[in-house]
Amino acid sequence: MASAIKPRQLMHQFLTRLRLTAIQNKYYSVTATPSTPAQAAPHVPVLCDTAIEYLQPQPGGKYIDMTFGAGGHARRLLDNCPEATIYALDRDPVAHQLAQRMSQEQNYKGRLVPLLGKFSELPQLLQTLNVPPRSFDGVLFDFGCSSMQFDEAARGFSIAHNGPLDMRMDCGRGGVSAADVLARIEEPDLARILRVYGEEKAAKKIARAIIEARSALHRIETTHQLADLVASVLGEGQRLDKLQRPSHVATKTFQALRIFVNNELNEINYGMLLARELLLRVQGRLVAITFHSLEDTIVKRHLNGNVIEGMANPVPLKYCGHDFTHDPELLESFVQSNWRQLHRHVILPDASEIARNSRSRSAKLRAAVKIK
Ligand SMILES: C[S@@+](CC[C@H](N)C(=O)[O-])C[C@H]1O[C@@H](n2cnc3c(N)ncnc32)[C@H](O)[C@@H]1O
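This one's a predicted model, so the numbers in the text were calculated from it and none came from an experiment.

(A) Structural context of the overall build of the protein. Counting secondary structure elements, the protein contains 15 helices and eleven strands. By the burial criterion, 53% of the 372 residues in the protein qualify as buried. A separation of at least 24 residues holds for 72% of the contacts in the protein among residues at least 6 apart in sequence. Accessible area of the protein: about 17400 Å², with a carbon and sulfur share of 52%.

Here it is as C-alpha cells:
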C-alpha cells in the first residue's frame, strides 16, 4: 500500500545507495596488480533462442552485444541473420580475445567488431570508431559473470575452487581485488556492502569476523579462507536459497563482494541509460537477461521510466505519489517511459533449459522497443 512507505524510509534508501557509491569511489581511485588470465571454459548461453527472437535481427541491421562472454548469443544472432553486423563489448580481456578470434572466422569476417571495455567506457570506444549516436537496431545485455570467470580458480570468484581472492572481471585492466578491499575496508562499510549487495541478514556478524580475522591473519588472500571464515561464523555449511536449493553459506558474501569489486550495479544502471540515450535508434530493440533481483530491479525500473536523475529509482512506481514529491513534473515523469515492453510477464527459462544448464535457473529476460 502506498501509505506503507514513509518519506523517511525513502530517504534512507537513497542515502544507502549514495553511501555505497561513495565507498565505491574511494576504492576506484587505487591501481591494482594484474591477475592471471583465465583459461577459456565453455559458457552455455542462457535463453539464447528467446533473446534472438526478441531482437528480431534484420539483414543489414547493426547490433551490439554488451556482454560478449564466450559469444554464444552473438554467434546465434549472426548465424540467424547472415547480413547483420554485431559490435561485441566485454570488459574481460579473456572474452575480448575470444571475440577477436571469432572475428577472424570465415563466417564472421567483417561482421563482428570486438571492443574491450566496460559499459562506462563505451561512449569513448564508439567515438574512436566514428559510430554515429543512436545507430543500433538492437542491444543485448546478459549480465553477471561467465562460466569462464566463475569456474577458473585463478579468477577468484569460486567458492568451490580455491584461488586468490580476486573477483575482477577486468583482470589486470584496473580496479581493486576483493582481497585488497577486505584488507582496507572499515567494518560499517563492509557490513553495508554485505547487506545491500548480498542481501545477507548476518552482514554485521560476518563483517565483524572479517575485521577480527584481518588483525590475526593480516590478509584474507584466498577464496577458501573467506568461505571457511564465513562458515565458521555462521556455524553451518549450507543454507537454502530463495528457490530452496542448498547453497554454501558464503554465497551471499561472495556475491556482495563481486558486485562491489566490479561496480556492477552502477554499470548496469549506466548501461541502461546508454541503450536509451546513445545506442538505439527509435524502434530499436533491447533484450536484457538478469540473474538476481538487484539486477532485474534496475532493468525493470528503467523500462518503466522510473528513473530519477539518471538512477533507477530504488522505490517502485506504485509508491511514488504525493507522499514522495509535490513536483508535478517529477510525478509526470514517473508515468512516462521511452520503452514499450514486448511481453506481459517477465520471461523465464523452461524446465528443459534448467535441466540442461543449471546456471539458467535464476535467469529473467526482459525485452522492449524504444518508442521515443
Ligand atoms: C553472462 S556473461 C555473457 C555470456 C555471453 N552472452 C555468451 O553467450 O557467452 C557476462 C559477460 O559480461 C561481461 N560484463 C559484465 N559486466 C560488464 C560491463 N559493465 N561492461 C562490459 N562487460 C561486462 C563479463 O565480463 C562477462 O564476460
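The discussion continues.
(B) Representation of the pairing of strand β3 (residues 112-116) within the structure. Note: strand β2 (residues 85-90) against β3, five bridges, orientation parallel. By the bridge assignment, leucine 89 is partnered in β3 with leucine 115. You can see the chain leave β2, run along helix α4 (residues 93-103) and come back into β3, and the turn it takes is right-handed.

(C) Summary view of the environment of valine 230. Position of valine 230 among the secondary structure elements: in helix α10 (residues 223-234). Taking C-alpha positions, valine 230 is 9.3 Å from lysine 205, a pair spaced 25 residues apart along the chain. Setting aside chain neighbours within four positions, we find valine 230 in contact with Ile206, Val249, Ala250 and Thr253.

(D) Spotlight on the packing of aromatic side chains. Applying the stated rule across the entire model yields five aromatic pairs. Note on phenylalanine 141 and phenylalanine 143: the rings are 4.9 Å apart at their centroids and 20° apart in plane angle, and the pair reads as stacked. These aromatic residues form a ring-pair network of at least three members: Phe119, Phe141 and Phe143. For lysine 62, the ring lying beneath its charged end belongs to phenylalanine 136, and the centroid distance is 5.0 Å.

(E) Inspection of the packing of helix α12 (residues 264-279) against helix α13 (residues 293-303) at higher detail. Their axes nearest at 10 Å, the elements α12 and α13 cross at an angle of 25°. The angle between the axes of α12 and α13 places the two elements in the roughly parallel class. Crossing of α12 against α13: the hand is right-handed. On α13, the residues that touch Glu264, Leu265, Ile268, Asn269, Met272 and Leu273 of α12 are Leu294, Glu295, Ile298, Val299, His302 and Leu303. Looking at side-chain class alone, the contact of α12 with α13 contains eight nonpolar, two polar and two charged residues.

(F) Representation of the sheet that holds strand β1 (residues 62-65) in the model. On the basis of which strands lie adjacent, the open sheet formed by seven strands has the order β3-β2-β1-β4-β7-β11-β10 and mixed pairing. The two strands at the open ends of the sheet, each matched to only one other strand, are β3 and β10 (339-341). Taken over all neighbouring pairs, the strand axes of this sheet differ in orientation by 20° on average, direction set aside. Both strand β4 (residues 136-142) and strand β7 (residues 280-290) contribute to a ladder of six bridges, which runs parallel. Residue pairing across strands places phenylalanine 136 opposite leucine 280, the latter belonging to β7.

(G) Layout of the site of the ligand. Contacts to the ligand come from 24 residues, most closely from Ala70, His73, Asp90, Asp142 and Gln149. The side chain of aspartate 90 places a nitrogen or oxygen atom 2.7 Å from an oxygen atom of the ligand. When the ligand is considered free in solution it has 610 Å² of accessible area, and contact with the protein chains removes 98% of it. Taken together, the residues that form the shell around the ligand break down as eight nonpolar, ten polar and six charged.

(H) Summary view of the nonpolar core. In terms of nonpolar packing, the biggest core is built from 71 residues, with Met66, Leu122, Phe141, Leu226, Leu279 and Leu286 touching the most fellow members. If we skip the residues at most four places from it in the chain, leucine 286 touches Val139, Phe141, Met272, Ala275, Leu280, Leu303, Trp339, Arg366, Ala367 and Ala368. Formed by 29 residues, the second largest nonpolar core is a distinct cluster that contains Cys81, Ala84, Met148 and Ala367.

(I) Seen up close, the pattern of salt bridges. Taken as a whole, this structure holds 18 salt bridges when the rule is applied. Aspartate 170 serves as the salt-bridge partner of arginine 173, at 3.3 Å between the closest nitrogen and oxygen. With a closest N to O distance of 2.8 Å, glutamate 277 and arginine 276 form a salt bridge. The exposure class of glutamate 277 is partly exposed, given its relative accessible area of 41%. Taken together, the shared-partner salt bridges in this structure form one network comprising Arg91, Glu121, Asp170 and Arg173.

Quick notes on the rules
Residues numbered from 1 in each chain as written. Predicted model: local features only at pLDDT ≥ 70, side-chain atom pairs only at ≥ 80, totals over all residues. Heavy atoms only, no water. Helix = DSSP H or I, 4+ residues; strand = E, 2+ residues; numbered from the N terminus. Buried < 20%, exposed > 50% of the residue type's maximum accessible area, 1.4 Å probe, protein only. Contact = heavy atoms within 4.5 Å. Areas by Shrake-Rupley, 256 points an atom, 1.4 Å probe, with all protein chains shown as cover. Pairing = 2+ DSSP bridges. Right-handed = clockwise from strand over helix to strand, strands pointing away. Phe/Tyr/Trp six-rings, centres within 6.5 Å; stacked < 30°, edge-to-face > 60°. Lys NZ or Arg CZ within 6 Å of the ring centre and 35° of its normal. Axes fitted to C-alpha atoms, helices over the stretch in contact; angles between N-to-C directions. Parallel < 35°, antiparallel > 145°, perpendicular 65-115°, else oblique. Left-handed = near helix turned anticlockwise from the far one by under 90°. Nonpolar A, V, L, I, M, F, W, Y, C, P; charged D, E, K, R; others polar. Near = heavy atom within 4 Å. Polar contact = N/O pair within 3.5 Å; in protein donor to acceptor, adjacent residues only side chain to side chain. Core = buried A, V, L, I, M, F, W, Y, C linked by side-chain atoms within 4.5 Å. Salt bridge = Lys/Arg side-chain N within 4 Å of Asp/Glu carboxyl O.

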